[in-house]
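# Working through the structure, step by step
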Amino acid sequence: MTRGYSVKPLAWDDVSIGGIDLPKARLEMVWGFGSGLARRAGDPAGTVWAIGDRGPNFKVEVAVERYGLEALARHAGESKAKVMPRLDIGPALAELRVEGDRVTLRRILPLTGEDGRALSGLPPPGSEQARVEPALDLRGDVIAPDPSGADTEGVVALPGGGFIVGDEYGPSLLRLDADARVIERWVPEGCAAAFAGARYPVRDVLPAIAARRRLNRGFEAMALSPDGASLALAFQSPLAHPDAAAGKKARHVRLWVLDLATGAFTAEHLYPLEKPEAFRRDPDAKRDDIKVSELAWLADGSLLVLERVSQSTKFYRVTLDAAAPASGIDPSTTPSIEERSAAKEPLPELVKTLVLDTDDAPEIGADLEGMVVLGASELLLVNDNDFGCEGARTGFWRVRFDRAVFG
């Protein structure tokens with residue numbers, strides 16, 4: 001029995017950004033552009049836009065065990081702390097070209113403030129509404145926060161030029177012009193003060209409950225509607241609302257629709273995550289390991305959703321108008337959607353149809369975060385290489401279906 005699709009790894013050359021000699025091993029770093037992919041109507045054939053995240057970073061345990069940075073050991077209990085060895089390398093867009101069986105880099109566009117200076121990938125100060133994980137240097141010292149900093153994880157390319165980029169810290173959305181300069185940043189209501197001093201305007205237009213996202217689980221999955229009027233975005237995981245315990249036990253991810261022009265909230269849907277045992281190549285997966293990392297809004301109005309752990313990734317189609325929108329964005333609502341989900345109460349959830357499962361396609365690699373539809377029967381996938389800090393390299397895979405699936 002045939003699978004109904006073929007998979008082709010595409011050639012790609014990672015771009016070095018240098019190395020640092022550390023006590024146990026040399027840290028070799030390469031550019032990372034696997035956090036999100038997008039296409040723009042009207043661009044030349046084969047043009048794809050990619051986003052990298054905050055810049056080179058790795059976990060404390062990697063710093064100690066792989067690189068022998070014993071000074072970092074005192075931070076061993078801080079599971080979300082990140083070591084950032086190259087503060088001069090921050091969030092950046094890349095213009096790529098897909099031609100034949102190769103992906104090539106056309107140019108890199110660092111994100112900049114209104115003053116034209118590149119943004120850092122450092123966390124902002126945070127607030128009572130939204131905690132932010134600390135950043136550490138190679139000596140184990142905490143690096144001062146940056147109100148302009150961003151951890152970029154998703155991108156949409158706007159008609160006529162410009163972009164919207166999703167950020168995990170706020171979480172927030174950054175509106176960029178065609179040269180990747182930040183026009184403004186949208187943050188949750190009540191959180192603008194945490195970005196005081198940012199090198200661009202900040203508006204608190206997103207629902208306040210967005211600030212309840214779990215650490216390092218903000219906006220990563222984004223898609224533009226076919227008419228260009230709406231933005232769909234999904235949190236990576238259930239919110240930590242009213243607390244982290246509820247978020248870790250819940251199985252529904254909030255998927256929002258916003259008005260693109262104003263950022264105004266228009267609808268909320270609930271995306272049900274699979275059970276951990278469904279991800280066969282991740283046998284030790286737990287409920288809170290499952291993430292939503294990418295969206296694509298298809299021509300028929302449905303959404304393609306990338307749901308993953310690490311080794312295993314599943315792609316589902318959902319139709320927004322087939323489910324009653326949820327109504328749980330008031331932070332004072334009790335019990336919260338996450339509490340009800342954790343308690344296995346029935347909720348108005350989206351209906352999922354499986355399109356592709358990498359458990360059945362082992363030639364597709366791990367840590368997929370970027371996805372873009374290249375045609376009615378063609379999908380491009382990319383992994384997040386974490387800037388090579390743990391030895392990973394970028395991989396692109398083209399999936400061609402035997403029939404029209406996406407349009």
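Residues numbered from 1 in each chain as written. Predicted model: local features only at pLDDT ≥ 70, side-chain atom pairs only at ≥ 80, totals over all residues. Heavy atoms only, no water.

### Concerning the overall build of the protein
The test is simple: Helix numbering and strand numbering both begin at the N terminus, where a helix is a DSSP run of H or I of at least 4 residues and a strand a DSSP run of E of at least 2. For every residue, the accessible area obtained with a 1.4 Å probe (protein chains only) is divided by the maximum for its type, and the residue is called buried under 20%, exposed over 50%, and partly exposed between those limits. We get accessible surface area from the Shrake-Rupley algorithm with a probe of 1.4 Å; when it comes to residues, only the shown protein chains can shield them. Only four residue types enter the tally: Lys and Arg on the positive side, Asp and Glu on the negative side; His and the chain ends are excluded. For charged residues, the charge sits on one atom: NZ in Lys, CZ in Arg, CG in Asp, CD in Glu.
Across its full length, the protein holds 3 helices and 26 strands. Over its C-alpha atoms, taken along the principal directions, the protein stretches across nearly 50 × 50 × 45 Å. Put simply, the protein has 407 residues, and 58% of those count as buried. Summed over all atoms, the accessible surface of the protein reaches about 15,600 Å², with 49% contributed by carbon and sulfur. Charge-centre separation for the protein: the mean point of 49 positive side chains lies 2 Å from the mean point of 61 negative side chains.

### Section: the nonpolar core
For clarity, the threshold we go by: For the purposes of this section, nonpolar cores are sets of buried Ala, Val, Leu, Ile, Met, Phe, Trp, Tyr and Cys residues that join through side-chain atoms within 4.5 Å. Any pair of residues with heavy atoms lying within 4.5 Å of one another is described as a contacting pair.
Membership of the largest hydrophobic core comes to 41 residues, with the highest contact counts inside it found for Leu173 and Tyr271. Listed by contribution, the elements that provide at least two residues to this core are strand 16 (219-224), strand 17 (230-235), strand 18 (252-259), strand 19 (265-272), strand 20 (291-297), strand 21 (303-308) and strand 22 (313-318). Apart from residues no more than four positions distant in its own chain, Tyr271 is found in contact with Arg251, His252, Val253, Val292, Val305, Glu307, Tyr316, Val318, Leu350 and Lys352. Counting residues in each nonpolar core, the second largest holds 34 residues, with Val83, Ala92, Val98 and Val372 among its members.

### Points about the environment of Leu224
As for its placement among the helices and strands, Leu224 is situated in strand 16. C-alpha separation for the pair Leu224 and Leu158, spaced 66 residues apart in sequence, amounts to 7.9 Å.

### Things to note about unusual backbone geometry
The omega torsion of the bond from Gly170 to Pro171 falls at -10 degrees, within 30 degrees of zero and hence cis. With omega at 5 degrees, the peptide bond leading from His241 into Pro242 counts as cis. Positive phi, close to 70 degrees, is recorded for Ala180, a residue that is not glycine. Looking at the secondary structure, you find Ala180 in the loop between strand 13 (172-176) and strand 14 (182-188). One non-glycine residue with positive phi stands out, namely Asp367, at about 55 degrees. In this structure, Asp367 sits in the loop between strand 23 (353-357) and strand 24 (368-375).

### Examining the sheet that holds strand 9 (residues 102-110)
Our working definition: Strands qualify as paired when DSSP identifies two bridges or more between them. The angle between two axes is taken between their N-to-C directions and runs from 0 to 180 degrees, where each axis is a line fitted to C-alpha atoms and a helix contributes only its stretch in contact.
Here we have 4 strands laid out as an open sheet, ordered 4-5-8-9, and antiparallel in their pairing. Edge positions in the open sheet fall to strand 4 (36-38) and strand 9, since each of these has one partner strand only. Neighbouring strand axes in the sheet, compared pairwise and without regard to direction, differ in orientation by 30 degrees on average. Here strand 5 (residues 47-51) runs beside strand 8 (residues 92-99); their pairing, made up of 5 bridges, is antiparallel. Bridge pairing links Ala50 to Ala94 in strand 8.

### Considerations on the packing of aromatic side chains
Just so we agree on the cut-off: Here a pair means two rings of Phe, Tyr or Trp (six-membered ring of Trp) with centres within 6.5 Å. Their orientation is stacked below 30 degrees between planes, edge-to-face above 60, and tilted elsewhere. Consider the ring centre and the ring normal. A charge sits over the ring if Lys NZ or Arg CZ is within 6 Å of that centre and within 35 degrees of that normal.
This structure, assessed with the given rule, holds 11 aromatic pairs. When the ring of Phe401 is compared with that of Phe406, the centres are 5.5 Å apart and the planes differ by 85 degrees; the resulting orientation is edge-to-face. No difference in accessibility class separates Phe401 from Phe406, as the two residues are buried. Site record: aromatic cluster; members linked through ring pairs are Phe219, Phe235, Trp256 and Phe265. The aromatic ring of Phe163 is capped on one face by Arg40, whose charged end is 4.8 Å from the ring centroid.

Function-wise, these values are silent; they only describe arrangement.
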